[in-house]
Amino acid sequence: MLPFSKGSLLLAPMVGITNRAFRTLLGELGGPDYAFTEMASAEAYVSRAPFESVYTDSKPRPERTSVQFYARSAGSLADACARLRNNPPEELPAGVDINFGCSAPHIRGKGGGSAWSSDPAPAAELVAAARAAWPGILSAKVRMGPDDDYHRLRGFCEGIAGEGLDFLCIHPRRDDQKFRGKARHEISLRLAQDISIPLVANGDIVSPGQLSMLMGTRTGPGGSKSVYAAMIGREAVRRPWIFALLRASASALTPASSTDRSIDRLEVGLRFLALAKLYLPEAWRLESARRFFSYYCEQFSFAHHIKYKTMNSPSLDIMAENFRSYFEQVPQDRYLLFSH
Ligand SMILES: Cc1cc2nc3c(=O)[nH]c(=O)nc-3n(C[C@H](O)[C@H](O)[C@H](O)COP(=O)(O)O)c2cc1C
């Protein structure tokens, strides 16, 4: 049985961002139903490279988190799963996710991520090896692959699903698209009907309207089709309270029962910095905070200004100071009200 139900909201894996500090922040704001760590290299994890145990840290909610691996070979993925299995129970993640979608040159060039997506047979062997070594939840995350051919995509997904995946996530853009164009969720809806396991849709999901179209509560390009769950990435960094916001909209509270919730956007930013100090190795903190603020600052009236100030701060303390002083200059940006 999956550790999340139909209609759930999931946090996407994002390297440099979805670490323990960020996932803790989300949890405090009414976080996702299920989350993914940032991707870790199976080979590096097996060879006990520095920081690999930080990449695979599934706290604060290991029972609701999958560790994502990218791998060059079936053997190294199986070894990584076997090592992960030996974690003490309080650090044992619910799942392992296999990255088939990353097209960054340093991942693809080494035979990981989307390098697997053009050949279904080795990809199926990779899943089979993980399935044999990992007794928990097993999932995979894919893009559309090298072209727009739906039948090739469907064949690929059926092939890997058949080797024992519990669910599949799709970000429906081609491998070469990065973030260009729009995520093609008519493909997500079609694929959800065609494969035998639950499908999670990911890509550009930011509003209640998109969510209800994907969940089948509102008719969209796929007619009355629906996906099993939705996965959110960048919008969770821009608005870390997005899960609470979407849940509140979906539950369609009557005006009489709804209450207004105020978000202090200064405190949320400062809280992330405090959590980064608490949970991330010193060598990671500044880079992770820069990544966080590069998205988080997009919502503010003078986004470029505050983004520039935080990104160019030489330490977390100066970053906090620069962030704080923005709200002295633009106090109207500090609080956000939404119905809850
Ligand atoms: C900074 C960043 C890092 C990412 N790292 C990963 C990763 O480690 N593994 C992965 O499968 N996808 C990764 N992705 C892709 C996201 O998981 C997701 O598929 C993509 O951002 C589309 O979803 P969104 O529109 O909700 O952001 C990353 C995306 C971003 C922006």
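Predicted model only: the values in this text are computed from it and were never measured.

Peer 1: Report on the domain arrangement of the protein chain, specifying residues and quantitative values.
Peer 2: You'll often see interface size given as the accessible area lost when the parts meet. Along its sequence, the protein chain is organised into domain 1 (9-250) and domain 2 (260-339). The distance between the C-alpha centroids of domain 1 and domain 2 comes to 27 Å. Taken together, the contact between domain 1 and domain 2 spans 23 residues of the former and 23 residues of the latter. Summed over both sides, the interface of domain 1 with domain 2 buries roughly 2100 Å², with 73% coming from carbon and sulfur. Ranking the residues of domain 1 by area buried against domain 2 places Ala21, Arg238 and Trp241 at the top, with a combined share of 27%. Where domain 1 packs against domain 2, one counts two salt bridges. Between Glu28 and Arg271 there is a salt bridge, and its shortest N-O distance comes to 2.6 Å.

Peer 1: Outline unusual backbone geometry, supporting the account with residue identities and numerical values.
Peer 2: Glycine aside, the phi torsion of most residues is negative, and most peptide linkages are trans. The linkage connecting Lys59 with the following residue, Pro60, adopts the cis geometry, with an omega of 15 degrees. Mapped onto the fold, Pro60 is located in the loop between helix H3 (52-55) and strand S3 (65-70). Of note, Phe51 is a non-glycine position whose phi angle comes to about 75 degrees, a positive value. Relative to the elements of secondary structure, Phe51 occurs in the loop between helix H2 (42-46) and H3.

Peer 1: Could you give me a rundown of the UniProt feature "binding site: FMN" (unreviewed entry) in the protein chain, with the residues and numbers involved?
Peer 2: UniProt marks Pro13, Met14, Val15, Gln68, Lys141, His171, Gly233 and Arg234 with the feature "binding site: FMN" (unreviewed entry), using the numbering shown here. Along the chain, the position of Pro13 falls in the loop between strand S1 (9-11) and helix H1 (20-28). By the secondary structure assignment, Arg234 is in helix H10 (residues 234-238). Residue classification places Arg234 among the partly exposed positions, given a relative accessible area of 21%. Setting aside residues no more than four positions away along its own chain, Arg234 makes contact with Met14, Arg173, Phe179, Asp204 and Tyr295.

Peer 1: Before we move on, can you summarise the nonpolar core with the specific residues and values?
Peer 2: For soluble globular proteins, nonpolar side chains are generally found buried alongside one another. The biggest cluster of nonpolar side chains holds 94 residues, and the ones touching the most others in it are Phe22, Phe69, Phe100, Ile160 and Leu168. Of all the elements, helix H12 (residues 265-279) adds the most residues to this core, at seven residues. Here this core spans two domains, since at least three of its residues come from each of domain 1 (9-250) and domain 2 (260-339). Those residues in contact with Ile160, other than ones at most four positions away along the chain, are Phe100, Ala123, Ala124, Val127, Ala140, Val142, Leu165 and Leu168. One finds Phe4, Ala12, Phe36 and Ile137 within the second-largest nonpolar core, a separate group that totals 13 residues.

Peer 1: So what's going on with the packing of aromatic side chains? Residues and values would help.
Peer 2: Within the structure shown, the criterion is met by 24 aromatic pairs. Centre to centre, the rings of Phe4 and Phe167 are 5.1 Å apart; their planes meet at 90 degrees, and the pair counts as edge-to-face. Taken together, the residues span a long stretch of sequence, with Phe4 in the segment before S1 and Phe167 in strand S6 (residues 167-170) at a distance of 163 residues. We classify Phe167 as buried; its relative accessible area is 0%. Here the aromatic rings of Trp241 and Tyr296 are separated by 6.2 Å at their centres, their planes lie at 80 degrees, and the arrangement is edge-to-face. Of this pair, Trp241 sits in the loop between H10 and helix H11 (242-250) while Tyr296 sits in helix H13 (residues 282-296), and the two are 55 residues apart along the sequence. The class of Trp241 is buried, set by a relative accessible area of 1%.

Rules of the game
- As a convention, each chain's residues are numbered from 1 in the sequence order in which they are written.
- Per-residue local features are limited, in this predicted model, to residues with pLDDT of at least 70; the limit for side-chain atom pairs, both in listing and counting, is 80 or more; totals at the level of whole chains, interfaces and linings are taken over all residues.
- Only hydrogens and water are removed before side-chain values are computed, so all heavy atoms of the structure are retained for them.
- Domain delimitation in this document rests on an assignment produced automatically or drawn from a domain database.
- Contacts: residue pairs with any heavy atoms within 4.5 Å of one another.
- Joining two parts hides part of their accessible area as seen by a 1.4 Å probe, and the buried area is that hidden amount summed over both.
- Between Lys or Arg on one side and Asp or Glu on the other, a salt bridge is scored when a side-chain nitrogen of the former is within 4 Å of a carboxyl oxygen of the latter.
- Strands here are runs of E lasting at least two residues and helices are runs of H or I lasting at least four, both read from the DSSP assignment and numbered beginning at the N terminus.
- UniProt positions are given in the numbering used here, feature names are shortened, and annotations may be inferred rather than shown by experiment.
- Here the term buried applies to any residue with accessible area under 20% of the maximum for its type, exposed to any over 50%, and partly exposed to those in between, with areas from a 1.4 Å probe on protein chains only.
- By convention a nonpolar core is built from buried Ala, Val, Leu, Ile, Met, Phe, Trp, Tyr and Cys residues, the set being connected through side-chain atoms within 4.5 Å.
- Classification of ring pairs uses Phe, Tyr and Trp, with its six-membered ring standing for Trp, and accepts pairs whose centres are within 6.5 Å; under 30 degrees between planes counts as stacked, over 60 as edge-to-face, and the remaining range as tilted.

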